[in-house]
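# Secondary and tertiary structure notes
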Amino acid sequence: KLGVSALASYLRDALGFSMLKSRRVMCALGYAVTAVPVLVLPHLKDSPAYLTTLCFCVALAGTGLHAEGFRANYLDVTRLHVGLVSGVGNCLSSVAAMFAPLIVGALAQSAGSWDPVWYCISIGCIASAAVFATFSSVTPVENVLTADTAGKAKKAE
């Protein structure tokens, strides 16, 4: 996480990335850096323990890159509906945290190993990277809606 700000500055200053492109690249890279070592874990069953530890370290280092991508708070998303957005966001994260252990336990128990858990985590990371890189924005919802309404009004004239 120590190098995240420097990398983000490099992307914007040296490579000319916009704020949006910088956030998308950093977050997608974070998901990829998390997904790959987790995908490798099931294949390290007979390997020395330090390789598994190394995979976990690299995967967790990848999550540090998300800080740039998620550098928005609820007030950046919306100013008029911050209570609704924060309530939904916090609810979804709480529900996910409650059900994740049950899902992981069921997957590991039904398969007799942790392999499906690692594969699901990798697939989830790749899917999240695709969704974030496609739909993320640095524009508050009200600005998008105002611009969209103004564009439709202009077309109607």
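Residues numbered from 1 in each chain as written. Predicted model: local features only at pLDDT ≥ 70, side-chain atom pairs only at ≥ 80, totals over all residues. Heavy atoms only, no water.

## Focus on the overall build of the chain
Stated formally: Per the convention used, a helix needs a DSSP run of H or I reaching at least four residues, while a strand needs a run of E reaching at least two, with both numbered from the N terminus. For the exposure calls, accessible area comes from a 1.4 Å probe over protein chains only, and a residue counts as buried if that area is under 20% of its type's maximum, exposed if over 50%, partly exposed in between. Should any heavy atoms of two residues lie within 4.5 Å, those residues are counted as being in contact. Surface exposure here means Shrake-Rupley accessible area, sampled with a 1.4 Å probe, where a residue is shielded only by the protein chains that are shown.
Looking only at helices and strands, the chain features 8 helices and 0 strands. Walking the chain from its N terminus toward its C terminus, one meets helices and strands in the order α-α-α-α-α-α-α-α. For the chain, the proportion of its 157 residues judged to be buried stands at 24%. Taking as baseline every contact in the chain between residues at least 6 positions apart, the subset at least 24 positions apart corresponds to 67%. Accessible surface computed for the chain: about 10,200 Å², of which carbon and sulfur atoms make up 70%.

## Here's the deal with helix α6 (residues 82–111)
Worth spelling out the cut-off: A helix is expected to span 1.5 Å for every residue after the first. For a residue, the bend is simply the angle between two axes, fitted respectively to the seven-residue segment ending there and the seven-residue segment starting there.
Over its 30 residues, α6 extends 42 Å from the first C-alpha to the last, a length consistent with the 44 Å expected when each residue adds 1.5 Å. Largest kink in α6: about 35°, centred on F99, with the proline P101 one to four residues after it. Two residues or fewer after α6 comes G112, characterised by a positive phi angle close to 80°.

## Quick word on the environment of G105
Tracing the chain through its elements places G105 in helix α6. Taking the C-alpha atoms as reference, G105 lies 8.9 Å from V117; in sequence the two are 12 residues apart.

## Thoughts on the layout of surface pockets
The condition that has to hold: Here the term cavity refers to a set of points on a 1 Å grid, laid over the protein atoms alone, in which a 1.4 Å probe fits but cannot get out; the term pocket refers to an open set having protein on both sides within 12 Å along at least five of seven lines, with lining residues being those that place an atom within 4 Å of a point. Grid points are joined across faces, edges and corners, and a volume is the space filled by probe spheres set on the points. All amino acids are sorted into three groups, where Ala, Val, Leu, Ile, Met, Phe, Trp, Tyr, Cys and Pro are nonpolar, Asp, Glu, Lys and Arg are charged, and the leftover types, Gly among them, are polar.
If you add up the space inside the second largest pocket, you get close to 350 Å³. V88, G89, L92, S93 and A96 are, among the 10 residues lining the second largest pocket, the residues nearest its centre. Partitioned by chemical class, the residues of the lining of the second largest pocket number 7 nonpolar, 3 polar and no charged.

## Topic: helix α7 (residues 115–135)
Every α-helical turn comprises 3.6 residues, leaving residues that sit three or four positions apart pointing alike. Helix length check: α7, at 21 residues, gives a terminal C-alpha distance of 30 Å against a target of 30 Å (1.5 Å per residue), a fit within 8%. Inspection of α7 places D115, V117, W118, S122, C125, A129 and F132 among the buried residues, and these make up the whole buried set.

## Side note on the pattern of salt bridges
Put simply, the rule reads: The salt bridge definition used is simple: a Lys or Arg side-chain nitrogen within 4 Å of an Asp or Glu carboxyl oxygen.
All told, the structure shown has 1 salt bridge when counted by the stated rule. Of the charged contacts in the structure, one is a salt bridge between K45 and D115, with a shortest N-O distance of 2.8 Å. Taken as a pair, K45 in the loop between α2 (19–40) and α3 (49–64) and D115 in helix α7 lie far apart in primary sequence, 70 residues in all. For D115, a relative accessible area of 17% corresponds to the buried category.

## Here we look at the packing of aromatic side chains
Filter applied, for reference: Here a pair means two rings of Phe, Tyr or Trp (six-membered ring of Trp) with centres within 6.5 Å. Their orientation is stacked below 30 degrees between planes, edge-to-face above 60, and tilted elsewhere. By definition here, charges over rings are those cases where NZ of Lys or CZ of Arg is within 6 Å of the ring centre and within 35 degrees of the ring normal.
Under the defined criterion, the tally for this structure stands at 2 aromatic pairs. Ring centres of F56 and W118 lie 5.6 Å apart, and the angle between their planes is 70°; this geometry places the pair in the edge-to-face category. Taken together, the residues span a long stretch of sequence, with F56 in helix α3 and W118 in helix α7 at a distance of 62 residues. Judged by its relative accessible area of 17%, W118 falls in the buried class. Every member of this aromatic cluster is reached through a ring pair, and the members are F56, W114 and W118. Lying across the ring of F17, K21 places its NZ or CZ 4.5 Å from the centre.

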